[in-house]
Amino acid sequence: MLPRGRPRALGAAALLLLLLLLIGFFLLGGDPEYGRLRGASALHGDPLAGHWDHNRSACDPWPQLPPKCEVLLHVAIVCAGHNSSREVITLVKSLLFYRKNPLHLHLVTDAVARNILETLFRTWMVPALGVSFYHADQLKPQISWIPNKHYSGLYGLMKLVLPGILPPGLARVIVLDTDVTFASDIAELWALFAHFSDKQVIGLVENQSDWYLGNLWKNHRPWPALGRGFNTGVILLWLDRLRQVGWEQMWKLTAQRELLTLAATSLADQDIFNAVIKEHPELVQPLPCVWNVQLSDHTRAEHCYSEAADLKVIHWNSPKKVRVKNKHAGFFRNFYLTFLGYDGNLLRRELFGCPSQTLPEAEQLQRALAQLDEEDACFEFRQQQLTVHRVHITFLPHKPPPPRPHDITLVAQLSMDRLQMLEALCRHWPGPMSLALYLTDAEAQQFLHFVEASPVLSARQDVAYHVVYREGPLYPVNQLRNVALAQALTPYVFLSDIDFLPAYSLYDYLRASIEQLELGSRRKAALVVPAFETLRYRFTFPSSKAELLALLDSGSLYAFRYHEWPQGHAPTDYARWREAQAPYRVQWAADYEPYVVVPRDCPRYDPRFVGFGWNKVAHIVELDAQEFELLVLPEAFTIHLPHAPSLDISRFRSSSTYRDCLQALKEEFHQDLSRRYGAAALKYLTALQQPRSPA
């Protein structure tokens, strides 16, 4: 039971979710203005209660749920853009948390949202969840003739055309806005189809504001509606019946007629749905208010939830979304934030008690994991390299750079403890960046707020952030690099690390060098950017090579890891670089790991290397095996800044088992090289067998 003074309407399941699953992430704050909200019948005080009671049987007071596991529930959602894609993920989390049936999502998306969500669901690998995509751009001609003042634009009208684009054999579907959150099993909502009469084709909850009554302000003239009208954030559509009654012609004729006297729709599809229902009231099945509790600026939802035993769906139907201000918004906001930060990995569970509906990719992964020996000292390494991480590409709004033949994207990866590097990096590198961040769901929200609060970061639209959700004990450094590399959109990439700051002029210098050296089809080369380091936290960054050499001579700078791991960068030949006026070629040597500029389609990083050690080395070996020249640029440089060591470095230094496992991975890597490159790979195997210091 919730403490006195807080709404009791979220029910036992939601209460357990709020109080048990994520204690420590979000606190439920009491509001002294809540007062005493009494629990009673879910429909007591609901202006639509009479309609609903008329359709309920005395012997069957609650709808009978569809058989667990057996019935596939279909859900349609229109989603466009970066922000809407983030919203839909929170909605889907709430659906998956409560569901007991297989689900199939029908997503109407623009190109941006489709790219994001295809990657997300492919890597999420949720059992008993199907996803189909529909091109929103192909639907725009059907609705672009309708003037619309709603902030959702044309996408806000696309629910009108769903009966014509969803599969002909699909009889029923639940349609949801992206800004709703479930507090109940969606099968309960699906069960309400059983209460439709033969003529009813649309199930809706009454609008919980006075919008359609036309008395919110002077000269307010809404579209026609039946009484208070209906809200279309949650819709039950009986598709085959809609097609039979000629839905497409019906809504188009109604919209054309009303637009003769009304300038535009204000609430997008909702205005047209209500105008049709006003003319054909027999089409609508009113639903209980708990299935769409609307938290708009002028909401009257308290009339619903103050007397409800359980709320089912919370709807943030204000442009302000969770920032809306009303009497109990704080309570509902905490419920929403719980799902926002909820670990999506936990939703990969199979449906309890149902036949296995595992995806083929997941079955293959499970077989591979089952073959691992848990007694193996390197089990963690084997398990981590097999882990499929959820990936949310372009987590924040991103504008791709205009196509330019010699353009370069800086590619790097980071975790939460390196966020402070981002602002300085943005000041040093004015070009596009593709960054992979290894975060939990909760950390992803902290990162979002961090960027929004930073004038430097929020002003950069050419930085693409890709969230890889954390799972497993070891840092998947090369998997992260591959995510960032795969999303780079320029012809060339600068493969860097987040704790390095490039020279202020490096972006322009690299583009000019690529053009002058005629790279690409004429020359297969990796341009080496010499790396340096400072041990000082307060450090004046050099503006030129001459200033850098002065700092090098004074002992303020060093060649990167010169004291700890000289073979990592020694082949760059820093003595030659001091005097160089033109690019010069260097030879590969064992353990060489420079920072390089290469074409975007270069070899990917080997994902077996997780944690610390040899992750970049293996990539340079692959470049050399594919006969990339290594050209050192005479005016290029990047500088490593000091920071606390990572957990993986500490484990490497303190654990002989860790180092032994890294050695085993190296040997396996060289065996694979021999299979791919034959005799040409012998030099790498010979180099490995020579005694060396640890990486």
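Scroll up for the structure.
Below you will find a few notes about this structure. (Residues numbered from 1 in each chain as written. Predicted model: local features only at pLDDT ≥ 70, side-chain atom pairs only at ≥ 80, totals over all residues. Heavy atoms only, no water.)

### Here we look at the sheet that holds strand β5 (residues 180-182)
- Ordered in space as β5-β10-β9, the three strands form an open sheet in which the pairing is mixed. Single-partner strands in this sheet number two, and they are β5 and β9 (293-294).
- As paired strands, β9 and strand β10 (residues 313-315) are joined by two bridges and run parallel to one another. Its bridge partner being in β10, V293 is matched across the sheet by I314.
- Lying over the sheet, helix α12 (residues 329-340) contacts β5 and β10, oriented at roughly 80° with respect to β5. (Pairing = 2+ DSSP bridges. Helix = DSSP H or I, 4+ residues; strand = E, 2+ residues; numbered from the N terminus. Contact = heavy atoms within 4.5 Å. Axes fitted to C-alpha atoms, helices over the stretch in contact; angles between N-to-C directions.)

### Side note on the nonpolar core
- One finds L117, L176, F182, L435, F447 and F494 to be the most contacted residues of the largest nonpolar core, which totals 177 residues.
- When residues of this core are assigned to their parent elements, the largest contribution, eight residues, is made by helix α3 (residues 81-98).
- Beyond its immediate stretch of four places on either side in the chain, F494 contacts I408, T409, L410, V411, W429, P502, L506, L510, V529, Y595, V596 and V597. (Core = buried A, V, L, I, M, F, W, Y, C linked by side-chain atoms within 4.5 Å. Buried < 20%, exposed > 50% of the residue type's maximum accessible area, 1.4 Å probe, protein only.)

### Topic: the sheet that holds strand β21 (residues 595-599)
- In spatial order, the strands read β11-β14-β13-β12-β15-β21-β17-β22-β20; together these nine strands make up an open sheet with mixed pairing. Each edge of the open sheet carries a strand with a single partner, namely β11 (391-392) and β20 (584-586).
- Note: strand β13 (residues 433-439) against strand β14 (residues 463-469), seven bridges, orientation parallel. Within β14, the position partnered with A436 by the bridge is H466.
- Against the sheet, helix α16 (residues 441-453) makes contact with β13 and β14, and its axis sits at roughly 135° relative to β13, the strand it touches most.

None of the figures reported here should be taken as evidence of function without further support.
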